[in-house]
Amino acid sequence: MTIVGIVTSERGGKNSTTLHVVGDFDAYQLNPDSGYICQGQKAESVYVGGHDCSGLEVGQEIEIYYGKAITTAKGTFQPVALIRVLSE
């Protein structure tokens, strides 16, 4: 996926980041036989929380790996475990 935007806010001395990315649709979405027809790219926002994103820049290709799902009173979340830069 490609980074198209980075939003960082600071609260109480801690940074919180959301990455805006575009990428290819998932394989199951590219199946006209099952009723899916996709054009262009998929856009999404990924909340990465307090991860150090100082080395990330708009235009970079990245992969995001997720940790084990956590269930709280507000719902189920899957925290970001690793952000790997593929190309500069």
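Definitions and limits used
Residues numbered from 1 in each chain as written. Predicted model: local features only at pLDDT ≥ 70, side-chain atom pairs only at ≥ 80, totals over all residues. Heavy atoms only, no water. Helix = DSSP H or I, 4+ residues; strand = E, 2+ residues; numbered from the N terminus. Rg over C-alpha atoms; globule rule 2.2 N^0.38 Å. Contact = heavy atoms within 4.5 Å. Areas by Shrake-Rupley, 256 points an atom, 1.4 Å probe, with all protein chains shown as cover. Lys, Arg positive; Asp, Glu negative; His and termini not counted. Charge placed at Lys NZ, Arg CZ, Asp CG, Glu CD. Buried < 20%, exposed > 50% of the residue type's maximum accessible area, 1.4 Å probe, protein only. Polar contact = N/O pair within 3.5 Å; in protein donor to acceptor, adjacent residues only side chain to side chain. Salt bridge = Lys/Arg side-chain N within 4 Å of Asp/Glu carboxyl O. Core = buried A, V, L, I, M, F, W, Y, C linked by side-chain atoms within 4.5 Å. pLDDT = per-residue confidence, 0-100.

Colleague: Any chance you could explain the overall build of the chain here in plain terms?
Modeller: On a plain count of helices and strands, the chain comes out with 0 helices and 7 strands. Going residue by residue from the N terminus, the α and β elements of the chain occur as β-β-β-β-β-β-β. Against the compact-globule benchmark of 12 Å for 88 residues, the chain has a radius of gyration of 15 Å, which places it well outside the compact range. Across its three principal directions, the C-alpha atoms of the chain cover 50 × 35 × 20 Å. Restricting to contacts in the chain with at least 6 residues of sequence separation, those with at least 24 account for 42%. Carbon and sulfur atoms make up 51% of the accessible area of the chain, which totals about 6,400 Å². Of the side-chain charges in the chain, 6 are positive and 10 negative, and the distance between the mean point of each set is 15 Å.

Colleague: Can you walk me through the side chain of Thr2 in this structure?
Modeller: One can find Thr2 in strand β1 (residues 2-11). Classification of Thr2 by relative accessible area gives buried; the value is 18%. At a separation of 2.4 Å, a polar atom in the side chain of Thr2 contacts the side chain of Glu61. Among residues more than four places away in sequence, those in contact with Thr2 are His20, Val21, Val22, Gly59, Gln60 and Glu61.

Colleague: I keep staring at the environment of Asn15 and nothing clicks. Help me out?
Modeller: With respect to the helices and strands, Asn15 occurs in strand β2 (residues 14-23). In this structure Asn15 comes out as partly exposed when scored by relative accessible area, which is 45%.

Colleague: It is not clear to me how the pattern of salt bridges should be interpreted in this structure. Could you clarify?
Modeller: Oppositely charged side chains can form a pair if their charged atoms are brought close together. Per the counting criterion, the structure on display carries 2 salt bridges. Between Asp26 and Lys42 there is a salt bridge, with its nearest N and O atoms 3.2 Å apart. Placement of Asp26 in the loop between β2 and β3 (42-49) and of Lys42 in strand β3 is noted, with a sequence separation of 16 residues between them. Of the charged contacts in the structure, one is a salt bridge between Arg84 and Glu63, with a shortest N-O distance of 3.2 Å.

Colleague: Got a minute to help me understand the nonpolar core in this structure?
Modeller: Nonpolar side chains in soluble globular proteins tend to be buried together. Core analysis: the largest hydrophobic core is formed by 11 residues, namely Ile3, Leu19, Val21, Val46, Val48, Cys53, Leu56, Ile62, Ile64, Val80 and Ile83. Counting only elements with at least two residues in this core, the list comes to β2, β3, β4 (61-66) and β7 (80-87). Apart from residues lying up to four places away in sequence, Val48 is in contact with Thr17, Leu19, Cys53, Val80 and Ile83.

Colleague: Sorry if this is basic, but what is going on with the confidence of the model for the chain here?
Modeller: Any residue range with low pLDDT should be treated as having predicted coordinates unsuitable for detailed reading. Overall, the prediction assigns the chain a mean pLDDT of 91, with 100% of residues at 70 or greater. Looking over the chain, one finds the lowest element-wise mean pLDDT in strand β6 (residues 75-77), namely 91, and the highest in β4, namely 95.

Colleague: Help me out: how do you make sense of the environment of Gln29 in this one?
Modeller: Here Gln29 shows up in the loop between β2 and β3. Distance in space between the C-alpha atoms of Gln29 and Gln39 is 10 Å, their sequence separation being 10 residues. Leaving out residues up to four positions away in the same chain, Gln29 has contacts with Tyr36, Ile37, Cys38 and Lys42.

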